[in-house]
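# A structural walkthrough
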Amino acid sequence: MKTLQIRRPDDWHLHLRDGAVLEGVIGDTSRHFARAIIMPNLVPPVVTTADAAAYRTRIMAALPKGHRFEPLMTLYLTEHTNPDDVEEGKKSGLITAVKLYPAGATTNSHGGVRDFEKAMPVLERMAKIGLPLCVHGEVTTPEVDIFDREAVFIETVLDPLRKRLPELKVTMEHVTTSDGIDYIKSSKANLAGTITTHHLIINRNDILVGGIRPHYYCLPVAKRESHRLALRAAATSGDHRFFLGTDSAPHVDPLKECACGCAGIYTSVNTMSCLAHVFEQDNALDKLEAFASLNGPAWYGLQPNAEMITLEKQDAQVEFPAKRDTGAGAVTVFDPGFQIFWNVVD
Ligand code: DOR
Ligand code: ZN
């Protein structure tokens, strides 16, 4: 039997939702992860520091007894976000980052940014005070093919923004293309990227060949195999600019299994087991700790967690629940398409 000890991991991109779904899913994250960057795309979104404080209180109230977990709160950037409120949020220690959704890019993003000029005063303030911007890096222009949206975003939005505000720290979230990986690698400072568990495992064939698989649909949508391989190489390289953000995004099954299904894959339950499998396949188990537990805290100026976790490769296949029941309905758990033998044992 093989075992691996690593620092307790963190999730640098997580959707917890609210109410009954929050209550149903939070334990899957807090069982393994010490901290997570919490996405603000609720309905209505978390736009002010006061909204974030109230949401944090609801998250802590939903935490299972005996679990310790630190939600790192974010604000949803709008064209009306007040720079003073953002600065207060950072000073108080509540706000770890601000999230940019181009309007219409994904779930509950219609209140996001259309005219980037209007967001400049906040972005300038963030550059000044050292508050990172987390970016959903896709353009929403209808003429741009959905598989090209990340590359076009880098060229037409992100690179010009970073040239204008080189001091702004930008986390490019859920990178899905070799263009994103190359862009991050080409930057000398103030740019890092998160990679999800599922984008290391599935490509677009998995979504579309032999029937449409709604539980593999997320945004940014998985790309062709060459891109998946570029993500794998970056994640398993140990490069400090790449770290785990699961983008675990629960939607109850009826919202995914319908004529116009929601984007989002629920991976919190088995992420660490899937990652151990992936890193072992690529002969990179020694880099898993950097990806899941060290590079993220270093980027956000935090200490890594002091506690360790142990992963064990068992002889028998590890069984995970196919669904997580919540008070709002069942949420399907990510099926990696391979048998899992690794498990977190403590
Ligand atoms: O697949 C996704 N689901 N991508 C996102 O950007 C948002 C998320 C959600 O909130 O469901
Ligand atoms: Zn997300």
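Whatever comes next refers back to the structure up there.
Residues numbered from 1 in each chain as written. Chains lettered and ligands numbered in written order. Predicted model: local features only at pLDDT ≥ 70, side-chain atom pairs only at ≥ 80, totals over all residues. Heavy atoms only, no water.

## Quick notes on the environment of Asn-295
Its location among the elements puts Asn-295 in helix 11 (residues 288-299). Between the C-alpha atom of Asn-295 and that of Gly-66, which follows or precedes it by 229 residues, the distance is 27 Å. Side-chain polar atoms of Asn-295 contact the backbone oxygen of Phe-242, separated by 3.0 Å. (Helix = DSSP H or I, 4+ residues; strand = E, 2+ residues; numbered from the N terminus. Polar contact = N/O pair within 3.5 Å; in protein donor to acceptor, adjacent residues only side chain to side chain.)

## Thoughts on the site of ligand 1
By nearness alone, 13 residues border ligand 1, and Arg-17, Asn-41, Thr-106, Leu-219 and His-251 come closest of all. Here Ala-263 contributes a backbone N or O atom positioned 3.0 Å from a nitrogen atom of ligand 1. When ligand 1 is considered free in solution it has 290 Å² of accessible area, and contact with the protein chains removes 100% of it. Across the shell around ligand 1, the residue classes tally to 4 nonpolar, 7 polar and 2 charged. (Near = heavy atom within 4 Å. Areas by Shrake-Rupley, 256 points an atom, 1.4 Å probe, with all protein chains shown as cover. Nonpolar A, V, L, I, M, F, W, Y, C, P; charged D, E, K, R; others polar.)

## Here we look at the packing of helix 10 (residues 271-281) against helix 11
Relative to each other, helix 10 and helix 11 sit at 140°, their axes nearing to 9 Å. Overall, the two elements helix 10 and helix 11 adopt an arrangement that is oblique. The segment helix 10 lies against helix 11, with Met-272, Leu-275, Ala-276 and Phe-279 engaging Leu-288, Phe-291 and Ala-292. (Axes fitted to C-alpha atoms, helices over the stretch in contact; angles between N-to-C directions. Parallel < 35°, antiparallel > 145°, perpendicular 65-115°, else oblique. Contact = heavy atoms within 4.5 Å.)

## Quick look at unusual backbone geometry
The amide bond that connects Val-43 to the next residue, Pro-44, takes the cis arrangement and shows omega of -5°. Between Leu-219 and the following residue, Pro-220, the backbone shows a cis peptide bond with an omega angle of -5°. Within the fold, Pro-220 resides in the loop between helix 7 (204-208) and helix 8 (225-235). Even without being glycine, Asn-108 reaches a positive phi, approximately 50°. Structurally, Asn-108 is set in the loop between strand 5 (95-100) and helix 4 (116-129). Taking relative accessible area as the criterion, Asn-108 reaches 23% and is therefore assigned partly exposed. (Buried < 20%, exposed > 50% of the residue type's maximum accessible area, 1.4 Å probe, protein only.)

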